[in-house]
Amino acid sequence: MSNLHIQIIHGPNLNMLGTREPGHYGSQTLIDIDESIIQLGDELNVQITSFQSNHEGEIVDKIQHLDADALIINPAAYTHTSVAIRDALLAVKVPFVEVHLSNIHKREEFRHKSMMVDMAMGVIAGFGAQSYNLALRGLHHYLTQSKS
Ligand code: DQA
């Protein structure tokens, strides 16, 4: 039993998945993605909680009040702009993985830059909805290794 708790944070417009730019983001909805990662969490004995917001300040509040061993975050558009989310992550020092559905490095130049990736344990981009599950597997491996 690993007794780990991992928080997922989905940034702005990810509530529109399923209909939003399926060429970039696939056809799965956010509910599908959450169901899949919760199921993988059950298999790995990891408790998963998920939060989505379109508002930068709400994401900052969520990070400040984090009650979890680690974080998987897709900051969406805020990836490329948010000093506030970067500072919140610096303040709480929680291990986190940055996730993107699309391969941001194959897209417009402004998406190549991330405000937080240098603080992340790792980054997974380009595997669609599977990016989240890959992040969970990576984090679980890291956390159970470092706990044993
Ligand atoms: C995204 C990539 C971002 O550039 C974009 O603003 C998003 C989603 C992704 O998951 O591929 O909203 O984070």
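Just so you know, these numbers come straight off a predicted model, no measurement behind them.

**Considering the nonpolar core**
Then comes step 1: Counting residues in hydrophobic clusters, the biggest one holds 26 residues, and the most contacted among them are I6, I72, Y132 and L136.
Then comes step 2: Every element with two or more residues in this core is listed here: β1 (4-10), α2 (30-44), β2 (46-52), β3 (70-74), β4 (96-100) and α5 (130-147).
Then comes step 3: When near neighbours in sequence (up to four residues on either side) are disregarded, I72 contacts I6, Q7, I8, I9, I37, V97, V99, Y132, A135, L136 and L139.
Then comes step 4: Listed in part, the 16 residues of the second largest apolar core include I63, L71, I85 and L89.

**A closer look at the layout of surface pockets**
Then comes step 1: A volume near 160 Å³ is recorded for the largest pocket.
Then comes step 2: Taken together, 15 residues line the largest pocket, and the ones lying closest to its centre are R20, Y25, A76, A77 and R111.
Then comes step 3: Tallied by class, residues from the lining of the largest pocket come to seven nonpolar, five polar and three charged.

**Side note on the environment of N3**
Then comes step 1: By the secondary structure assignment, N3 is in the segment before β1.
Then comes step 2: Here the alpha-carbon distance between N3 and D87, two residues 84 residues apart in the chain, equals 28 Å.

**Considerations on the site of the ligand**
Then comes step 1: For the ligand, the full set of nearby residues is R20, Y25, N74, A76, A77, H80, H100, L101, S102, I104 and R111.
Then comes step 2: A distance of 3.0 Å separates an oxygen atom of the ligand from a polar atom in the side chain of R20.
Then comes step 3: H80 is positioned with one of its side-chain polar atoms (N or O) 2.7 Å from an oxygen atom of the ligand.
Then comes step 4: Considered on its own, the ligand offers 320 Å² of accessible surface; in the complex 98% of this is hidden by protein.
Then comes step 5: In this structure the site holding the ligand corresponds to the largest pocket.

So, how was this worked out
- Residues numbered from 1 in each chain as written.
- Predicted model: local features only at pLDDT ≥ 70, side-chain atom pairs only at ≥ 80, totals over all residues.
- Heavy atoms only, no water.
- Core = buried A, V, L, I, M, F, W, Y, C linked by side-chain atoms within 4.5 Å.
- Buried < 20%, exposed > 50% of the residue type's maximum accessible area, 1.4 Å probe, protein only.
- Helix = DSSP H or I, 4+ residues; strand = E, 2+ residues; numbered from the N terminus.
- Contact = heavy atoms within 4.5 Å.
- 1 Å grid on protein atoms, 1.4 Å probe; cavity = no way out; pocket = protein on both sides within 12 Å on 5 of 7 lines; lining within 4 Å.
- Points joined across faces, edges and corners; volume = space filled by probe spheres on them.
- Nonpolar A, V, L, I, M, F, W, Y, C, P; charged D, E, K, R; others polar.
- Near = heavy atom within 4 Å.
- Polar contact = N/O pair within 3.5 Å; in protein donor to acceptor, adjacent residues only side chain to side chain.
- Areas by Shrake-Rupley, 256 points an atom, 1.4 Å probe, with all protein chains shown as cover.
- Sits in = over half its atoms within 2 Å of the grid points.

What is shown is where atoms sit, not what they do.
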